[in-house]
Amino acid sequence: MKPNYFKSRLFMKYIWSYLLILLIPLVLVTVFIYENAVTNLRAEIERSRLDQLTQTKVMIDGRMKELSEIASRISYDKRLTPYRVHDPYYSGEAIQALDQYKATSSIIDEMFLYFHQDENIYSSAGLYRFDVFASHFSFQNWNKEAVFRDLNSVKIPTMRPADLVNRNTHLQQTMLAYLVPITPNSPNPHGTVMYLIRESALTSLIDSILGDYQGQTLILDQNGQILADNRQGESLDGSEASSLFELSPGIHDKMVDGKPHSIVSVKSENNGWTYVTLMPSAQFFSSVLHVRSFIIMLFVIVVAVGAAVALLLARMQYQPISTLVEFAASKSKDGDIRSAAGSSVSGNELDRIRTALQEYSSRVDLQEPYARNHFLSLLLKYGNVRNLTPELQDAFDVRFDRSRLFVMVIGRSETGERQEDKPERQDLTELLSRIEFPELSAHAYGVELPQLDRFALIVCFDPDGSIGEFSHVRDIVDAVRSNLLETIDVMPMIGVGTCYSSPNQLNQSFIEACSAFELGVSGASGTITYFEQLSYTPEHTFWIPNNILMKLSQSLKQGSYDVATQMIRSSIESLQSSGHSALLKRCISFDILNTMLKTAAELGIHHTMHDIAPNMIYTQSFEELERSLLNLASRICNQVELDKQKEEQSLTDQIAAYIDDHYTDHALSLETVALEFAVSPSHVSRSFKEKMGLNFSQYVWQKRVEEVKRQLTSTSDSLKDIITRVGYLDTPNFIRKFKKETGYTPGQYRKMHSAYGGHDLTAEGE
């Protein structure tokens, strides 16, 4: 690792960027894993509590069922009938029987048998008068009168909540009283069996199943009263117990005493009791301490490894930038690259690299208009917009996002152009590259045509519902002409094509605009001709409209077979559907043939007339006539394309010869060559690249480099003089480009290939 890396703010930004890229998702994943672990553990614990609480319910319900069965057996036991219990002879046997029943259940602390309106109460310990019983078993919240009333009136099994009981005035115990009428399920019971159950007997059952945990378990009766609970540092008041009773069976989260708790509730179907456990939510976090420790340790390890990886990635990313910065710094010594502040070392590294690339980007910018013009030219010729990908749209800043489109052809009536007109034509090219008319909801893109004095303008607009479409088009054309008059002094000639809804039909509108322009050239200067106004008049309804024939002729001149096909087929279909006689239809169809033959003659394709077979004139059906006309159109368009290729090849050869004679002229440029040969610069650039395999600048550079190599090896002149003689004024830039192409400086090349290599030529500026 180079020490000066850490002195770069950009390098430190890379490190922090990679660390943030690592830490942000790592923290999110860690939090997610931790929360998921806590949630899963908590859910597991709660499910375990639910299962355990269900088991507790089953066990306690079983004990209560045992007590009910004991009471049932007592009601049918002959030893415990009222007669035998009151008989002094059999009373001892009754007491012994009660003791035997008591022994059958482990949760019974004491059991009593009471017959309604009796002054005595019987237990396994003996016979008590009721007053004596009340003094021996004194309930804190259940006085003697209430006890007597309940024993005589209870008709269903009833459990009294846990109450503090004083036994023999010196022993206090928390007990529950369970009253079971006998005979059970009888509407008129004659007695009551009362079981005294220590609260600890039930809570010990709960603890044995639930285990050791911080929280509270409650048993609520069918009215929501707390029958028993095992408090472990917490207690509930009556209102909170009622809220727990209202919960549905299952697992719940609830605030109890101002703290979040996890509550598990189970309801018994036998007696309507509700079993509830409350566990503080904070208790769950103690269960995941080992998970948290493991996650923290893993987080630290990942951060440490990530920091090392971030350092490595930052170095890998910064290293090529550092190399480019050194390259930019080396170039700045020649005075070719400077920062915005004028110093070669100031500013961010990327700013210095950006400055170094400005020269190359400027070259790209010079080529972009030619590429854009070439693409739009193809669109005008073929009308195929499918190749206009979103990337090309962004690169060329072209959008066909309006509902209507049409093409205008703009030019001058005079064919010549003076050298002093060059700035004016350049201004016109820039003006027409893109025009916006927000008030007319329109924008347009200019296209340089092969003719030097002609431009095409692709107009996109949304119609205004308040005026007609043609009126809207006229307003747009007037706005274009007004802008042109602000740039050029001569009134331009304008031909306007018909409006279409799809960019794929732009080739048709272009053909129409060319037809209208050619028709307007014969008129006064500054004429605007609309193809839409060239329609036939009503008295000419017998014949094929002139605008159709003009469009057919122009499509043949442009070599556009697709448009010519549409014109021929639409004309034949119109004739077939008309109500004229067959002979008249045949005569009218000769208008199409004559137009095509006349156009071929104007194009110099004279052999076409001689190639027409007599059967084309005397065809038996319109289908045969249509096929013959389409075949003729194809032959004319193919010949036009072939002639254009020959013309472009000849033009390219002439341009190449011109460059060979003038490449030493430092004023030689694409524009000067275009003026010399009266064609547009974009057409020169495209055709030269297609035919020569090199663009204009590359070809000129190659010629100059070859001449420099020749003079380096054959003369002893200084490099500066040689470079100047070949038309290159920037000597340092030439040396850099020469070394990039050959791998050697001009001086090294001379030493390797020339007898003058040993001379001291310090003036070469290497």
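> How would you sum up the sheet that holds strand β15 (residues 435–437)? Please name residues and give values.
Taking strand neighbours across the sheet as the criterion, the six strands line up as β15-β16-β17-β14-β18-β19 in an open arrangement whose pairing is mixed. Two strands in the sheet have a free side with no partner beyond their single neighbour: β15 and β19 (528–530). With direction set aside, neighbouring strand axes in the sheet form an average angle of 20°. Taken together, the three bridges between β15 and strand β16 (residues 442–448) define a ladder with antiparallel strand orientation. Bridging from a neighbouring strand, I435 pairs with A444 of β16. Packed on one face of the sheet, helix α15 (residues 506–521) meets β14 (404–411), β17 (454–461), β18 (493–496) and β19 and runs near 35° to β14.

> Help me get a handle on the packing of helix α17 (residues 561–577) against helix α21 (residues 622–662), residues and values and all.
It is at 10 Å that the axes of α17 and α21 come closest, and there the two elements cross at 160°. With respect to α21, the element α17 is oriented roughly antiparallel. As for how α17 packs across α21, the hand of that crossing is right-handed. Residue-level contacts link Y561, A564, T565, I568, R569, I572, L575 and Q576 of α17 to F622, E623, L625, E626, L629, L630, A633, S634 and C637 of α21. Classifying every residue of the contact of α17 with α21 by side-chain character gives eleven nonpolar, three polar and three charged.

> Can you explain the pairing of strand β7 (residues 171–182)? Please cite residues and give values.
Along β7, nine of the twelve residues are buried, which leaves the element largely enclosed by surrounding structure. Here strand β5 (residues 158–159) pairs with β7 via two bridges, running antiparallel. For T158, the partnering residue across the bridge sits in β7 and is L179. Pairing geometry for β7 and strand β8 (residues 191–198), over eight bridges, is antiparallel. Bridging across to β8, L179 finds its partner in M194.

> Outline a nonpolar patch on the surface, supporting the account with residue identities and numerical values.
Residues F294, M297, L298, I301, V305, V309, L312, L313 and M316 make up a contiguous nonpolar surface patch of about 840 Å² in total accessible area. Its location among the elements puts L313 in helix α9 (residues 289–332).

> Residue-level account of helix α23 (residues 681–692), with values.
With twelve residues, α23 extends 16 Å between its outermost C-alpha atoms, agreeing within 8% with the 16 Å of an ideal straight helix rising 1.5 Å per residue. With its phi angle positive at about 80°, G693 sits one or two positions after the end of α23.

> Account for the packing of helix α16 (residues 546–558) against helix α18 (residues 582–602), with residues named and values stated.
Contact geometry for α16 and α18: axes closest at 10 Å, N-to-C directions at 35°. Where α16 crosses over α18, the two elements pack in a sense that is right-handed. Within the contact between the two elements, α16 uses L549, L552, S553, L556 and K557 and α18 uses D591, I592, T595, M596, T599 and E602. Of the residues belonging to the contact of α16 with α18, the class tally is five nonpolar, three polar and three charged.

> Which residues make up the side chain of S571, and what values do they have?
Relative to the assigned elements, S571 resides in helix α17. Looking at S571, its side chain comes within polar contact range of the main-chain oxygen of M567, at 2.8 Å. When residues no more than four places from it in sequence are discounted, the contact partners of S571 are I544, I548 and I592.

> Hey, could you go over the side chain of R404 for me, with residue numbers and the actual values?
Take R404: it is sitting in strand β14. From its side chain, R404 meets the backbone oxygen of C499 in a polar contact 3.3 Å long. For R404, the contacting residues outside a window of four places in its chain are V459, C460, F461, P463, E469, C499, Y500 and S501.

Thresholds, definitions, all that
- Residues numbered from 1 in each chain as written.
- Predicted model: local features only at pLDDT ≥ 70, side-chain atom pairs only at ≥ 80, totals over all residues.
- Heavy atoms only, no water.
- Pairing = 2+ DSSP bridges.
- Helix = DSSP H or I, 4+ residues; strand = E, 2+ residues; numbered from the N terminus.
- Axes fitted to C-alpha atoms, helices over the stretch in contact; angles between N-to-C directions.
- Contact = heavy atoms within 4.5 Å.
- Parallel < 35°, antiparallel > 145°, perpendicular 65-115°, else oblique.
- Left-handed = near helix turned anticlockwise from the far one by under 90°.
- Nonpolar A, V, L, I, M, F, W, Y, C, P; charged D, E, K, R; others polar.
- Buried < 20%, exposed > 50% of the residue type's maximum accessible area, 1.4 Å probe, protein only.
- Patch = residues over 30% accessible without salt bridge, like charges linked within 9 Å, V, L, I, M, F, W, Y side chains within 5 Å.
- Areas by Shrake-Rupley, 256 points an atom, 1.4 Å probe, with all protein chains shown as cover.
- Salt bridge = Lys/Arg side-chain N within 4 Å of Asp/Glu carboxyl O.
- Expected span 1.5 Å × (residues − 1).
- Polar contact = N/O pair within 3.5 Å; in protein donor to acceptor, adjacent residues only side chain to side chain.

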